[in-house]
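Per-entry structural report
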Number of protein chains: 2
Amino acid sequence: MAGEKWVRMVTAQTPTNIAVIKYWGKRDENLILPVNDSISVTLDPAHLCTTTTVAVSPSFDQDRMWLNGKEVSLAGARYQNCLREIRARACDVEDEEKGVKIAKKDWENLHVHIASYNNFPTAAGLASSAAGFACLVFSLAKLMNAKEDNSDLSAIARQGSGSACRSLFGGFVKWIMGEAKDGHDSRAVQLVDEKHWDELVIIIAVVSSRQKETSSTSGMQDSVNTSLLLEHRAKEIVPKRIVRMEEALKTKDFGSFTELTCADSNQFHATCLDTSPPIFYMNDTSHRLISCVEKWNRSEATPQVAYTFDAGPNAVLIARNRKAAAQLMQKLLFYFPPNSDADLDNYVIGDKSILKDAGIEGIKDIEALPPPQENKDALRHKDGVSYFICTRPGRGPVLLSDTTQALLNPQTGLPK
Amino acid sequence: MAGEKWVRMVTAQTPTNIAVIKYWGKRDENLILPVNDSISVTLDPAHLCTTTTVAVSPSFDQDRMWLNGKEVSLAGARYQNCLREIRARACDVEDEEKGVKIAKKDWENLHVHIASYNNFPTAAGLASSAAGFACLVFSLAKLMNAKEDNSDLSAIARQGSGSACRSLFGGFVKWIMGEAKDGHDSRAVQLVDEKHWDELVIIIAVVSSRQKETSSTSGMQDSVNTSLLLEHRAKEIVPKRIVRMEEALKTKDFGSFTELTCADSNQFHATCLDTSPPIFYMNDTSHRLISCVEKWNRSEATPQVAYTFDAGPNAVLIARNRKAAAQLMQKLLFYFPPNSDADLDNYVIGDKSILKDAGIEGIKDIEALPPPQENKDALRHKDGVSYFICTRPGRGPVLLSDTTQALLNPQTGLPK
């Protein structure tokens, strides 16, 4: 096999996800075992996803990785843990077309090249590591012909980034915290697929921020060590919310879904604030976004929109249907208009049909928007929001058979 | 007695206070009985206090009140509760100079005039109701010759505004939550007087805010009804902190005092965030003030400054001594400089000797300040802070015998 010139490649696409019942706090830092179950919604990979190409060749002399075109080190424990676990599950591979045969035992001595690309700005704080590690593990598993199912793979992706385990499925996903010391039962399962509740529309407000944020890894470690509220949350509150959220998802009860999603986001941020030193992920713009949704929901007979914030100031807003999403878009653009010299096409991205439903075709339509009925004295805030992304719940990982989408050159195994 | 023309008056001055272990949540809305003990520091009335003149005359035909010169209604239950409780404790009064005799039973039929004035901006969110109700009850008790001591009076002031009970004493004060249904044992006691720890210096950053704030009355009611963390805080966490705080005060252990004060402020705001709808009292400027203090404290061998925030964005910063206060002043003026056309005299008010210790005599000295050692890349934020007040722990209520300080005309009993 040595000296041969072949390169075998696999390309996969994996979605990102946002938790509606939050993960905050590990009981094992190395294995990444959480202190409570969590539930997330997978976001449509058409708008937010990672694409990863993995390649193996006898000509590679070391494992290498490129992230968004730039080479990054694989030396970190999290990458090493994922690579080791996947290699341990590698099987015989036979590629008749290329005349390549790799025996199970060969994988120990073969190196891989990995190229990964996010179709959304990495600096936006949109859980790129979740999609990234899920895609890494999923694509390597396919390359190495590992027989494990996605739930098994999720327990490996978990060791790269906790929330990555939830990106192995579409729809709504539960990360079961598990009990075992070795973490084999700490894995994701799909609760309902993306078609089950397909009325939902998701609008993400990417919030401008000049402040350096606390990384979620060090933040949650500080919370575990210093917050006196976290343990109570993890042991007493979250287990009940998980049961109620599963029920709300099964019955598509948007009122209950909204109540739980908003309360759990706020409680996660409360726990951050109860940490020493305190962690602030939300800023004044985040607060205004919450206030906009709360005012509207309380002015209606039933809630129209749920909000949730991860470890950053961005709002993820989940509207009960397209009609609510169009109304939400109008309100958001009233409160947070683009600068008058801005390009609307770059200010609202993703599924632009929501903008059309809202009757907005240009900056002038935004300037003409009336203040929301429920807040007639509302002020407009320029500069608070960088842009909006319109999307929806989406599917889990897929293999891309179209080789033109590969990020590595099929001859050299280096980035295109 | 009827038809007589005399007016009998009493003028008193009462301090405001700021909790270092917070009160948040009532177990009885009408009697204002809290869900946990709290501890506060009384602020020097030279810089923050209420002055109240109360008058009685047979010529008054109804109870009336003026607040900062403007007549206000006394119809609210909180005023009525205080007036009723004090009247029930009125005793015989004999004023030989004026030839006035009021028998205990006469008080039922006599009306009072009340004029109250805060020596600090009322809109600043600096617990004016605490000083106000304490002063109302204290001055009426003296007018009516009630025999109750300040702790007894605190249980009456509590029915006007919970935190008012802690303004009946100087130094550090504990509000004991009590157990009785009628609330007679829910009252304040002095832990140490204002001379016990007189090294402490207090700097208040009055933060600009455009947002309408949730009143603490409705906010804490919402927290009691919806926060799943509040009960745990009140029952499990605060009782232990009270014991530790009392010990820290007794031994003047500034490290422990700071740890407890900051953690409890943050946890109170965490509980607000865990409320539905969530309550945000702190804004981006508040967060920056916390970050300024946390960075400094962590760069020193021992903490230099404690911070605490009430139901608003203002920071109350407690420095361990004058030296630390002068350094703090430099840092604060670096991060939050006045506008260059501002008058420094109005930007730093109260005890201006701190400014002198910091070597700052004019705007140019502020512009020349270097960034803090512990944060050399620090940005300067104009417009975040309205002004600073320098003060210290102070004394409890006093009677003002100088009649020129009275707020009511001694002949007419109407505002001067």
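Conventions adopted
Numbers given to residues run from 1 along each chain, matching the order in which its sequence is written. Written order determines the labels here, with chains lettered from A and ligands numbered from 1. Reporting in this predicted model follows two pLDDT cut-offs: at least 70 for local features of residues, and 80 or more for side-chain atom pairs to be given and counted; totals over whole chains, interfaces and linings ignore these cut-offs and use all residues. Values shown for side chains rest on all heavy atoms present in the structure; no hydrogens or waters enter the calculation. The helix and strand labels rest on DSSP assignments: H or I over at least four residues marks a helix, E over at least two residues marks a strand, and numbering proceeds from the N terminus. We take the radius of gyration over the C-alpha atoms and set the globule estimate at 2.2 Å times the residue count to the 0.38 power. Residue burial is assigned from relative accessible area. The probe radius is 1.4 Å, only protein chains are included, and a residue is buried under 20% of its type maximum, exposed over 50%, and partly exposed in between. Whether two residues are in contact is decided by their heavy atoms: any pair within 4.5 Å suffices. For the accessible areas, the method is Shrake-Rupley and the probe is 1.4 Å, while residue cover comes only from the protein chains on display. Only strands that DSSP links by at least two bridges are regarded as paired with each other. Think of each axis as a best-fit line through the C-alpha atoms, taken over the contacting stretch in the case of a helix, with angles from 0 to 180 degrees between the N-to-C directions. Defined here as a combined quantity, buried area equals the accessible surface (1.4 Å probe) lost by two parts on assembly, summed across both. We define a salt bridge as a side-chain nitrogen of Lys or Arg found within 4 Å of a carboxyl oxygen belonging to Asp or Glu. Polar contact criterion, stated in full: a pair of N or O atoms within 3.5 Å, where within protein one must be able to donate a hydrogen and the other to accept it, and residues adjacent in sequence count only if both atoms are side-chain atoms. A least-squares superposition brings the copies together, and it is based on the C-alpha atoms of residues with pLDDT no lower than 70 in both. An automatic or database domain assignment provides the domain bounds reported here. Polar here means any residue outside two lists: the nonpolar Ala, Val, Leu, Ile, Met, Phe, Trp, Tyr, Cys and Pro, and the charged Asp, Glu, Lys and Arg; Gly therefore counts as polar.

Some remarks on the overall build of chain A
- In terms of helices and strands, chain A carries 11 helices and 19 strands.
- Relative to a compact globule of 416 residues, whose C-alpha radius of gyration would be 22 Å, chain A shows 22 Å and is just as compact.
- Across its three principal axes, chain A shows a C-alpha extent of roughly 75 × 50 × 40 Å.
- Here chain A holds 416 residues, and 58% of them are scored as buried.
- Within chain A, residue pairs in contact and separated by at least 24 positions form 76% of the contacts whose partners lie at least 6 positions apart.
- With an accessible surface of roughly 16900 Å², chain A has 48% of that area assigned to carbon and sulfur atoms.

Quick look at the sheet that holds strand S16 (residues 315-319) of chain A
All names here are of chain A.
- Pairing is mixed across the open sheet formed by five strands, whose spatial order is S15-S16-S14-S18-S17. On the outer flanks of this sheet lie strand S15 (305-308) and strand S17 (348-350), each paired with one strand and no other. Averaged over all adjacent pairs, the angle separating strand axes in this sheet is 25 degrees, with direction ignored.
- Along the sheet, helix H7 (residues 284-299) makes contact with strand S14 (201-207), S15, S16 and strand S18 (385-391), crossing S15 at roughly 155 degrees.
- Along the sheet face, helix H8 (residues 322-335) touches S14, S15, S16, S17 and S18 and points at about 20 degrees away from the line of S14.

Considerations on the interface of chain B and chain A
- Between chain B and chain A, the contact holds 26 residues from the first and 26 residues from the second.
- Of the roughly 2500 Å² buried at the junction of chain B and chain A (both faces included), carbon and sulfur atoms supply 63%.
- Considering only the surface of chain B that becomes buried against chain A, Leu229(B), Leu273(B) and Phe280(B) emerge as the three largest contributors, covering 21% of it.
- Where chain B packs against chain A, one counts zero salt bridges.
- Put simply, chain B and chain A have six residue pairs in polar contact (both at pLDDT 80 or more) between them.
- Those elements that place two or more of their residues in the side of chain B that touches chain A are helix H5 (230-251), helix H6 (254-273) and helix H7 (284-299) of chain B.
- No other element matches the six residues that H7(B) contributes to the side of chain B that touches chain A.

A closer look at the relation of the copies chain B and chain A
- Structural alignment of chain B on chain A gives an RMSD of 0.0 Å, achieved by rotating through 180 degrees and translating 0.0 Å along the axis. Given the turn and translation reported, the copies of this chain are related as if by a two-fold rotation axis. Among all residues of chain B, the one whose C-alpha sits closest to the rotation axis is Ala270(B), at a distance of 2.1 Å.
- Residue by residue, 100% of the interface of chain B is reproduced at the interface of chain A, so both copies engage with the same surface.

Considerations on the side chain of Asn283(B)
- Tracing the backbone through its elements, the reader meets Asn283(B) in the loop between H6 and H7.
- Overall, the relative accessible area of 10% leaves Asn283(B) in the buried class.
- There is a polar contact of 3.0 Å between the side chain of Asn283(B) and the backbone nitrogen of Thr285(B).
- Setting aside anything within four residues of it in sequence, one finds Asn283(B) in contact with Asp284(A), Val207(B), Ser208(B), Ser209(B) and Pro313(B).

With respect to the pairing of strand S16 (residues 315-319) of chain B
All names here are of chain B.
- Summarising burial for S16: five of the five residues are buried, a large majority.
- Across five bridges, strand S14 (residues 201-207) lies against S16 in antiparallel orientation. Across the sheet, the residue bridging to Ile203 is Leu317, located in S16.
- Examined bridge by bridge, strand S15 (residues 305-308) and S16 share four bridges and lie antiparallel to one another. When the sheet's bridge partners are listed, Val305 is paired in S16 with Ala319.
- Between S15 and S16, which pair antiparallel in sequence order, lie six residues.

Digging into the domain arrangement of chain A
Residue and element names in this part refer to chain A.
- Per the domain assignment, the segments of chain A are domain 1 (8-194) and domain 2 (201-391).
- One C-alpha centre belongs to domain 1, the other to domain 2; they are set 28 Å apart.
- Approximately 2800 Å² of surface area, both sides summed, lies buried where domain 1 meets domain 2, with 72% of it carried by carbon and sulfur atoms.
- It is Ile21, Lys22 and Trp24 in domain 1 that bury the most area against domain 2; as a group they hold 30% of the surface buried on that side.
- Inspection of the domain 1/domain 2 interface yields two salt bridges.
- Here Lys174 makes a salt bridge to Glu246, at a shortest N to O gap of 2.7 Å.
- At the boundary of domain 1 with domain 2, the tally comes to nine residue pairs in polar contact (both at pLDDT 80 or more).
- At the level of secondary structure, the elements contributing two or more residues to the side of domain 1 that touches domain 2 comprise strand S2 (17-21), strand S5 (38-42) and strand S12 (172-176).
- For the side of domain 1 that touches domain 2, the element with the highest residue contribution is S2, accounting for four residues.
- Across the side of domain 1 that touches domain 2, the residue classes tally to 16 nonpolar, five polar and seven charged.

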